[in-house]
Amino acid sequence: MLIEDIKNLLNANFLSGEENAILKVNGAFGSDLMSDVLAFVDDKILLLTGLTNLQVVRTAEMLDINVIVFVRGKIPPQEVIDMAQEMGISLLTTSHSLYTSCGILYSNGLKGITIGGAE
Amino acid sequence: MGSNEKNTGIKLEYEILKDDFARAGEASSGIKKVLRQLGIDSSAIRKTAIATYEAEINIVIHSEGGKILVYIKPDKIEIIAKDNGPGIKDIDLAMQKGFSTASNRVRELGFGAGMGLPNMKKSSDEFYIESEMGKGTTVKMIITL
Ligand SMILES: Nc1ncnc2c1ncn2[C@@H]1O[C@H](COP(=O)(O)OP(=O)(O)OP(=O)(O)O)[C@@H](O)[C@H]1O
Ligand SMILES: [Mg+2]
């Protein structure tokens, strides 16, 4: 799914990296726990989270994730946006909850990642 | 912050400060950039990035501070994360998925799931951990190229 389509489906706004709008993601992962993002993600995915600290962008950097959606209307501090901008990571913000955001994207064909044993 | 040593490969060294949440990840970010510039294979970069970042966060949140050393050799990347204490009492327990002594503050930042050490082991081709109470913990990881 294109980042542009994610933005439209979630009624989201870009905070950084609007130039990535035509890039694609292969799936999505929603979590407020960066430990689990680091442990489970192994593909170019979209990260949905309600956490807005620097470590969210750092985690994305380590995993080559280039788009993050902040849910529940969260907007990170300016230093976080600046860091993402510098790294070419797109940040989006939506007023939907994590559950609703995931549901909208899933029902439009964006699947989750596979976790050992589970689907 | 890195220093070049011809023939033996490249050595990178980073000081990691206790409780420095604002800068946590800078070392791993620097390491990743160097590996990219060297044209290292992307899957090895990814494994190294995960291993160094988990190690870096552990030094920030669990230790008195320490260092991360990376040796980039023709056939492998060696990562050494060394801190100045307090050490890990029961390494087998610490290695279990889900075991964590992280504070609430750390959990609010999105860490403390007890996944870091198992993830470091999974991300590396060789993994060694040594710890002495009162002295410190050393984790050594090798990623083959
Ligand atoms: N460098 C260290 N010094 C002292 N104790 C440590 C160190 N690294 C890990 N530990 C201990 O081992 C436990 C497990 O570490 P691990 O990295 O697996 O999980 P965590 O850091 O608690 O959470 P996560 O990594 O999922 O964010 C820690 O909670 C801590 O008690
Ligand atoms: Mg950890």
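In this text the structure is predicted, and so the values were computed from the model without any measurement. (Residues numbered from 1 in each chain as written. Chains lettered and ligands numbered in written order. Predicted model: local features only at pLDDT ≥ 70, side-chain atom pairs only at ≥ 80, totals over all residues. Heavy atoms only, no water.)

Some details on the packing of aromatic side chains
Residues and elements named next belong to chain B. The full count for this structure, using the stated rule, is 1 aromatic pair over all chains. With a centroid separation of 6.3 Å and an interplanar angle of 75°, the aromatic rings of Tyr-53 and Phe-111 are classed as edge-to-face. Here the residue Tyr-53 occupies a position in helix H2 (residues 42–62), and Phe-111 occupies one in the loop between helix H4 (104–108) and helix H5 (116–123), the gap between them amounting to 58 residues. Pair check on accessibility: Tyr-53 and Phe-111 agree, each one buried. (Phe/Tyr/Trp six-rings, centres within 6.5 Å; stacked < 30°, edge-to-face > 60°. Helix = DSSP H or I, 4+ residues; strand = E, 2+ residues; numbered from the N terminus. Buried < 20%, exposed > 50% of the residue type's maximum accessible area, 1.4 Å probe, protein only.)

Considering the interface of chain B and chain A
With 25 residues of chain B in contact, the opposing surface of chain A contributes 21 residues. Carbon and sulfur atoms make up 52% of the surface buried where chain B meets chain A, a total of about 1800 Å² over both sides. Inspection of the chain B/chain A interface yields 2 salt bridges. The salt bridge partner of Lys-32 of chain B is Asp-64 of chain A, with a shortest N-O separation of 2.6 Å. Taken together, chain B and chain A are joined by 18 residue pairs in polar contact (both at pLDDT 80 or more). For the side of chain B that touches chain A, the secondary-structure elements that each account for two or more residues are helix H1 (26–37), H2 and H5 of chain B. Classifying every residue of the side of chain B that touches chain A by side-chain character gives 11 nonpolar, 6 polar and 8 charged. (Contact = heavy atoms within 4.5 Å. Buried area = accessible area lost by both parts, 1.4 Å probe. Salt bridge = Lys/Arg side-chain N within 4 Å of Asp/Glu carboxyl O. Polar contact = N/O pair within 3.5 Å; in protein donor to acceptor, adjacent residues only side chain to side chain. Nonpolar A, V, L, I, M, F, W, Y, C, P; charged D, E, K, R; others polar.)

Quick word on the sheet that holds strand S2 (residues 28–30) of chain A
All names here are of chain A. With respect to topology, 5 strands assemble into an open sheet ordered S1-S5-S4-S3-S2, the strand pairing being mixed. A single partner strand is all that each edge strand has here, and the edge strands are strand S1 (13–16) and S2. Within the sheet, the average angular offset between the axes of one strand and its neighbour, ignoring direction, is 25°. Both S2 and strand S3 (residues 46–49) contribute to a ladder of 3 bridges, which runs parallel. Note that in S3 the partner of Gly-30 across the bridge is Leu-48. Lying over the sheet, helix H4 (residues 78–87) contacts S1 and strand S5 (90–93), oriented at roughly 80° with respect to S1. Contacts from helix H5 (residues 98–107) reach S2 and S3 within the one sheet, and its direction differs from that of S3 by about 150°. (Pairing = 2+ DSSP bridges. Axes fitted to C-alpha atoms, helices over the stretch in contact; angles between N-to-C directions.)

Digging into the environment of Met-120 of chain B
Residues and elements named next belong to chain B. Within the secondary structure layout, Met-120 lies in helix H5. A residue is classified by how much of its surface remains accessible, and Met-120, at 1% relative accessible area, is buried. Sequence separation between Met-120 and Met-141 is 21 residues; the distance between their C-alpha atoms is 7.9 Å. The residues touching Met-120, leaving out its near neighbours within four places in the chain, are Ala-51, Glu-54, Ala-55, Asn-58, Phe-127, Val-139 and Met-141.

So, the pattern of salt bridges
Pairs can form between side chains of opposite charge whenever their charged atoms are close. Throughout the structure, instances matching the rule amount to 11 salt bridges over all chains. Asp-32 of chain A serves as the salt-bridge partner of Arg-72 of chain A, at 3.1 Å between the closest nitrogen and oxygen. Residue Arg-72 of chain A is found in the loop between strand S4 (67–70) and H4, and its partner Asp-32 of chain A is found in the loop between S2 and helix H2 (34–40); the two are separated by 40 residues along the sequence. What makes Asp-32 of chain A partly exposed here is its relative accessible area of 32%. Between Glu-78 of chain B and Lys-73 of chain B there is a salt bridge whose closest N-O contact spans 3.3 Å. Three or more residues are tied together by salt bridges with common partners; here these are Asp-64 of chain A together with Lys-32 and Arg-36 of chain B.

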